[in-house]
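These are the residues of each chain, in order.
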Amino acid sequence: MKQGYEKRFNQGDIVYWCHQNGHEYSVKMGMVDEQFSDAVCIDYLSLKENRKINGIPINEFKSEEKYKKLPKGWSYNTQLFEITYDEIKDCVGAISSPECIKLAYKNGLLVKDSIKFHGVIETEITKDGYRIIKKYPLWVHHISNVSIRPDKVYFTYDEAKKEVDENIAEFYRQANLSDYEWSLEQINKTIDMYIKINGKTDTIKNEYKNWFINMKNIEDIEIRIYGTEIQWKYWKNKKWNNIEL
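Residues numbered from 1 in each chain as written. Predicted model: local features only at pLDDT ≥ 70, side-chain atom pairs only at ≥ 80, totals over all residues. Heavy atoms only, no water.

Asks: Is there a simple way to explain the environment of Lys7 in this structure?
Replies: Checked against the element boundaries, Lys7 lands in the segment before strand E1 (14-21). Apart from the residues lying within four places of it in its own chain, the contact partners of Lys7 are Gln35, Pro150, Asp151, Val153 and Tyr154. Among the polar contacts listed, one links the side chain of Lys7 to the backbone oxygen of Val153, at a separation of 2.3 Å. (Helix = DSSP H or I, 4+ residues; strand = E, 2+ residues; numbered from the N terminus. Contact = heavy atoms within 4.5 Å. Polar contact = N/O pair within 3.5 Å; in protein donor to acceptor, adjacent residues only side chain to side chain.)

Below, the structure written as C-alpha cells:
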C-alpha cells in the first residue's frame, strides 16, 4: 500500500486539504462522506441559505407557472423581483477548529453545499406577460463535492497549510534560480524520468548528467525523451540530436 493510503476517515469527519487553482494554493475544508481504498469522498460545506425572492426563502421559492401582466410604466430596466438577505448573526468560529465546524453544522449554520441552489433567478418575459423562474444556465458548473487521495487529506488545518506554504515556497525558489540552474534542473528531471521509464542504471543516469554539464550554453539547451533515446537541441534550432555516451 502506498504511504499515506492507510489513513482512515469516518463519515462526518471534518478534514482539510491543499487546493490548487492554477498557480494559486489555499486550504479547503469539508465533511467526509465515504472512503474507498484510494480516494476519500468529501462534501463541501457552506453557510446556510439566507436569500429570499420577494420575501420567500429561495429554497421554498418555485418557478412561477402563470404569467402576470407587466406593471404600468414598464421598461427594460424595470426591476420585477427583489432579492433580500436574512442576517446571519451566528458565528462559525475558527475554520481551523474541526469542533467549531461540527457545531456550526449541527446548529444549521453550515450545510452541505449540494443542497443549496446554485442557479440564477430570472424574469421570463413573453407576449403573454412575465413570470419569475429558477434556472440552471448551461454555463453554470458548480462543484459541491470532491474526491482526494487519502495521503492528501488531513485531520488538521495546519497540515494542509504546511502543504500550501511548501508549494508557494517552491515558486520563490524557482524565481531565485539562475538561467543555468533552471535549465540544468529541467534536464536532470527529464533524465530521471527517462531512467525510470526505461529501467536504466544509476551509472547511465550519471553519464547523461555529466554529458550535459560539460556542454556550453547549457541554459539554451532543451531535451526530450524520444522512444528509448534522449534527444537534445539548442532552443533556437529545429533539429533534435541523438546522444552516444
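Asks: How should the sheet that holds strand E5 (residues 56-57) be read in this particular structure?
Replies: Two modes of strand pairing occur in sheets, parallel and antiparallel, and in both the strands are linked by backbone hydrogen bonds. Reading across the sheet, the 3 strands line up as E5-E4-E6 and stay open at both edges, with antiparallel pairing between neighbours. Both edges of this open sheet fall to E5 and strand E6 (83-85), since each of them pairs with a single strand only. As judged from the 3 bridges shared by strand E4 (residues 51-53) and E6, these two strands associate in the antiparallel manner. When the sheet's bridge partners are listed, Arg51 is paired in E6 with Tyr85. (Pairing = 2+ DSSP bridges.)

Asks: Just to check I follow, could you spell out the pattern of salt bridges for this structure?
Replies: Working definition: two side chains of opposite charge can pair if their charged atoms are close together. Inspection of the entire model under this criterion finds 15 salt bridges. With its nearest N and O atoms 3.6 Å apart, the salt bridge here joins Glu122 to Lys135. With Glu122 in strand E8 (residues 120-126) and Lys135 in strand E9 (residues 129-135), this pair connects stretches of sequence that are 13 residues apart. For Glu122, a relative accessible area of 30% translates into the label partly exposed. Lys135 sits in the partly exposed class, given a relative accessible area of 36%. Through salt bridges with shared partners, a single network forms among Glu170, Arg173 and Glu185. (Salt bridge = Lys/Arg side-chain N within 4 Å of Asp/Glu carboxyl O. Buried < 20%, exposed > 50% of the residue type's maximum accessible area, 1.4 Å probe, protein only.)

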